[in-house]
Amino acid sequence: MSFSSLSFPAWLSGAEWSHHGLYITLSYGISLFFFIFLTYQAHQRLKKIQQKLSQLSSQTAPASPSLKK
Amino acid sequence: MPSFSSWFHRTANPGVFLRITKPCLPFLSGFSLLFLSIGLIWGLFFTPADWQQGDMMRVMYIHVPMAWLASACYFSLAICALLSLIWRHSLADLAAMEIGPIGAASAALCLITGSLWGKPTWGTWWAWDARLTSVLILFFLYLGHIALIRAFDDPRRGQKAAAILALAGALDLPIIKFSVQWWNSLHQADSITLTHAPTISWSLLYPLIFSTLGFTLGASTLIITRLHAAILEKRFYNLLLQEMIEEKSLQKENTQQGDIF
């Protein structure tokens, strides 16, 4: 396996671009976009609920010590 | 020495699950990124083109992991359903709720990338072929599960109905696996089996192993992160409810004291 076997130009340039390159790019693009989006969404959700929890426990801590747990 | 059963029940506790899985997350996501980068870059730029399909076979490095994830997520969903119905594990219900959307996304991506692969190689975007149709049914099963688990005011009823659907739908998994053997299919037969040597060249197989591993670890990280969020959300609402109850009982006590004096 070497850099001479790099097949980049074959499917991303010239006449093949019109369909093969487009289909390959679309497949990778859509799949990776969805996975990155879902990961971002999950992290945002986790961050939000962690903030809410810390806010709630700081509000209620003096009144109810059991909520600190 | 604690038995497997007691260890299993202890680990299925949401608090213990959080404690055990939290330190694993950075490693899981790190290895996922590493394997995905190796698999996808190797598959896109370094593997030789297929003699018959040319460069279009590079879609395999996305399509096959998506197909694997769609089936693996559903298998996990069925296991969660079983645990929920037999032991009523709250963690199993939460896990089922979080696995569903990831499995549905994987099944949808498997169908989309398959379609994009099918057009130049088969000459059609879609065919009512046994393999394709059974994966489409899997996608609808996921959608049904997602809808059903949230459909009732009483979450317990929704979880039970969705668990029954998940178990019944598990019958689709062997149909997907053996569809290419049982029926004449446009879809190619399995290139990798447990009993025979792979029919795919090793130069094409290595990047596939890396990308499948990468996507599997990535999906596991995603599901665990979502599960962490779900556990904390549940904890938050329980705390809120507890606070409201305490406030209400305090108010009641005050009014009762007011009545006395």
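Refer to the structure above for everything that follows.
Here we summarise the structure given alongside this text. (Residues numbered from 1 in each chain as written. Chains lettered and ligands numbered in written order. Predicted model: local features only at pLDDT ≥ 70, side-chain atom pairs only at ≥ 80, totals over all residues. Heavy atoms only, no water.)

Residue and element names in this part refer to chain B. Tracing the chain through its elements places Trp-7 in helix H1 (residues 4-11). A relative accessible area of 41% places Trp-7 in the partly exposed class. Between the C-alpha atoms of Trp-7 and Ala-70, which are 63 residues apart in sequence, the distance is 29 Å. (Helix = DSSP H or I, 4+ residues; strand = E, 2+ residues; numbered from the N terminus. Buried < 20%, exposed > 50% of the residue type's maximum accessible area, 1.4 Å probe, protein only.)

Residue and element names in this part refer to chain B. Nonpolar side chains collect at one region of the surface, where Leu-82, Leu-85, Ile-86, Trp-87, Ile-164 and Leu-167 lie side by side and expose about 530 Å² of accessible area between them. Contributions of two or more residues to the nonpolar patch are made by helix H4 (60-87) and helix H7 (155-169). The leading source of residues in the nonpolar patch is H4, at 4 residues. Along the chain, Leu-167 falls in helix H7. Residue classification places Leu-167 among the partly exposed residues on the basis of a relative accessible area of 31%. (Patch = residues over 30% accessible without salt bridge, like charges linked within 9 Å, V, L, I, M, F, W, Y side chains within 5 Å. Areas by Shrake-Rupley, 256 points an atom, 1.4 Å probe, with all protein chains shown as cover. Salt bridge = Lys/Arg side-chain N within 4 Å of Asp/Glu carboxyl O.)

With that settled, consider the interface of chain A and chain B. Taken together, the contacts link 37 residues of chain A with 42 residues of chain B. Across the chain A/chain B interface, buried area totals approximately 3,700 Å², and carbon plus sulfur atoms make up 75% of it. Here chain A is connected to chain B by 2 salt bridges. Between Arg45(A) and Glu233(B) there is a salt bridge, with its nearest N and O atoms 3.0 Å apart. Across the chain A-chain B interface, the total number found is 3 residue pairs in polar contact (both at pLDDT 80 or more). (Contact = heavy atoms within 4.5 Å. Buried area = accessible area lost by both parts, 1.4 Å probe. Polar contact = N/O pair within 3.5 Å; in protein donor to acceptor, adjacent residues only side chain to side chain.)

All right, on to the nonpolar core then. Phe35(A), Met60(B), Tyr61(B), Tyr74(B), Tyr142(B) and Phe215(B) are the most contacted members of the largest nonpolar core, which has 79 residues in total. Examining the composition of this core, we find that 16 residues originate from one element, helix H9 (residues 202-260) of chain B, more than from any other. Apart from residues lying up to four places away in sequence, Tyr142(B) is in contact with Leu69(B), Ala70(B), Cys73(B), Tyr74(B), Leu77(B), Gly100(B), Gly103(B), Ala104(B) and Ala107(B). (Core = buried A, V, L, I, M, F, W, Y, C linked by side-chain atoms within 4.5 Å.)

A separate point is empty space enclosed by the protein. In this approach a probe as big as a water molecule rolls over the atoms, and the regions it shows empty are the leftover space. All names here are of chain B. For the coordinates displayed, the defined rule picks out 1 cavity of 30 Å³ or more. Size it by volume and the largest cavity reaches roughly 40 Å³. As for the largest cavity, its lining consists of Leu-77, Cys-80, Ala-81, Ser-84, Ala-92, Asp-93, Ala-96, His-145, Ile-149, Gln-159 and Ala-163. At the level of secondary structure, the elements contributing two or more residues to the lining of the largest cavity comprise H4, helix H5 (90-122), helix H6 (130-149) and H7. Top contributing element to the lining of the largest cavity by residue count: H4, with 4 residues. (1 Å grid on protein atoms, 1.4 Å probe; cavity = no way out; pocket = protein on both sides within 12 Å on 5 of 7 lines; lining within 4 Å. Points joined across faces, edges and corners; volume = space filled by probe spheres on them.)

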